[in-house]
Amino acid sequence: QVQLAESGGGLVQPGGSLRVSCAASGFTFSPYVMGWYRQAPGKQRELVASITSLGSTNYADSVKGRFTISRDNAKNMVFLQMNSLKPEDTAVYYCNVQDNLRRPYWGQGTQVTVSS
């Protein structure tokens, strides 16, 4: 059974940094594209960043140059390093994987709040 468990969210001041982590289990991790999504109150869930099995990355324009996605295939983990955080980055951040039938799986999410 696919399980994704996010951690590392919290409250940070504007301009600060935070790293969120996702521990994956229940499937063979390394071949799959992993993604980070976020959902702010009243808004649709949006893709923040994704990373392929070989480490190729893709970012939303709003986070390019500030966020970095990475993965550790040996530990079945994916990370999102967030720098220069802005209040508009406030959201629940979700880890995501799609299976071979393109069915999405989600973790429970971790809250990131950027506020002074």
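Basis of the calculations
- Per chain, the residues get numbers from 1 upward, laid out in the order the sequence is written.
- Under the rules for a predicted model, residues below a pLDDT of 70 receive no local features and side-chain atom pairs below 80 are neither given nor counted, while totals for whole chains, interfaces and linings still include all residues.
- Side-chain descriptors were evaluated using all non-hydrogen atoms of the structure, hydrogens and water having been removed beforehand.
- Numbering goes from the N terminus for both helices and strands, where a helix is a DSSP run of H or I of at least four residues and a strand is a run of E of at least two.
- Atoms counted for the radius of gyration: C-alpha only. Globule rule: 2.2 Å times the number of residues to the power 0.38.
- Residues belong to one nonpolar core when they are buried, are Ala, Val, Leu, Ile, Met, Phe, Trp, Tyr or Cys, and are joined through side-chain atoms within 4.5 Å.
- When accessible area is computed with a 1.4 Å probe and restricted to protein chains, residues below 20% of their type maximum are described as buried, those above 50% as exposed, and intermediate ones as partly exposed.
- Working rule for contacts: check all heavy atoms of both residues, and any pair within 4.5 Å makes them a contact.
- Counted as a polar contact is a pair of N or O atoms within 3.5 Å, where, for protein atoms, one must be capable of donating a hydrogen and the other of accepting one, and residues adjacent in sequence contribute only when both atoms are in side chains.

## Examining the overall build of the protein chain
Okay, so step 1: Scanning the protein chain from terminus to terminus reveals 0 helices and 11 strands.
Okay, so step 2: Put simply, the protein chain runs from its N terminus to its C terminus through helices and strands in the order β-β-β-β-β-β-β-β-β-β-β.
Okay, so step 3: Taken against the 2.2 N^0.38 rule, which gives 13 Å for 116 residues, the C-alpha radius of gyration of the protein chain at 13 Å falls within 12% of a compact globule.
Okay, so step 4: Overall size of the protein chain, expressed as C-alpha extent along the three principal axes, is 40 × 25 × 25 Å.

## Looking at the nonpolar core
Okay, so step 1: The biggest cluster of nonpolar side chains holds 29 residues, and the ones touching the most others in it are Met34, Trp36, Leu80, Met82 and Tyr93.
Okay, so step 2: Elements represented by at least two residues in this core include exactly strand 3 (18–25), strand 4 (34–39), strand 5 (46–51), strand 7 (67–72), strand 8 (77–82), strand 9 (91–98) and strand 11 (110–114).
Okay, so step 3: If we skip the residues at most four places from it in the chain, Leu80 touches Leu18, Arg19, Val20, Trp36, Val48, Ala49, Phe67, Thr68, Ile69 and Tyr93.

## Some remarks on the side chain of Asp99
Okay, so step 1: Among the structural elements, Asp99 can be located in the loop between strand 9 and strand 10 (104–106).
Okay, so step 2: In terms of polar contacts, Asp99 uses its side chain to reach the side chain of Tyr105, at 3.3 Å.
Okay, so step 3: Residues contacting Asp99, with those up to four places away along its chain left out, are Tyr32 and Tyr105.

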